[in-house]
Amino acid sequence: MEYKQYYVYILASKRSGMLYVGVTSDLKRRVFTHKNDLKDGFTNKYHIHNLVYFEVMEDIKSAILREKQIKKWNRAWKNTLIEKANPEWLDLYSKLMV
């Protein structure tokens with residue numbers, strides 16, 4: 001049986017800008033798609049391209065539940081979550097590419 005990981009992630013347009021919360025099984029590919037506006041949608045429309053946070057999950061059900069939980073949070077809670085792991089709001093995409 002193949003082991004698969006799932007990711008809950010947050011993209012930001014800038015520190016005080018728009019946020020996008022998503023879930024995927026291929027974080028590199030998904031962020032590449034967002035960064036290069038390869039699909040029409042929210043991230044393309046609002047230029048949300050910086051990966052500022054992600055969590056690794058072991059099953060898709062947990063990942064989807066976590067995504068829904070974070071989406072319901074107010075902005076201050078999301079900011080706190082991001083800043084605990086990434087205080088400078090750096091784009092983490094380059095770290096995925098190594």
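To be clear, the structure that these remarks concern was listed above.
About the criteria used
- Residues numbered from 1 in each chain as written.
- Predicted model: local features only at pLDDT ≥ 70, side-chain atom pairs only at ≥ 80, totals over all residues.
- Heavy atoms only, no water.
- Helix = DSSP H or I, 4+ residues; strand = E, 2+ residues; numbered from the N terminus.
- Contact = heavy atoms within 4.5 Å.
- Core = buried A, V, L, I, M, F, W, Y, C linked by side-chain atoms within 4.5 Å.
- Buried < 20%, exposed > 50% of the residue type's maximum accessible area, 1.4 Å probe, protein only.

Draft legend 1. Here's a closer look at the environment of Phe54. Looking at the secondary structure, you find Phe54 in strand E3 (residues 50–57). On a C-alpha basis, the gap between Phe54 and Leu11 in space is 9.0 Å, while along the polypeptide they are 43 residues apart. Beyond its immediate chain neighbours, meaning those up to four positions away, Phe54 contacts Tyr7, Val8, Tyr9, Leu27, Leu92 and Leu96.

Draft legend 2. Main features of the nonpolar core. Formed by 16 residues in total, the largest nonpolar core has its most connected members in Val8, Ile10, Ile70 and Ile82. Put simply, the parts of the chain that give this core at least two residues each are strand E1 (6–12), strand E2 (19–24), E3, helix H3 (60–72) and helix H4 (75–85). A total of four residues in this core trace back to one element, the largest contributor, which is E1. With near-sequence residues (within four places) excluded, Val8 lies in contact with Val21, Gly22, Val23, Tyr53, Phe54, Glu55, Met57, Ala63, Arg66, Glu67 and Ile70. Ranked by size, the runner-up nonpolar core spans ten residues in total, among them Leu11, Val31, Leu51 and Tyr93.

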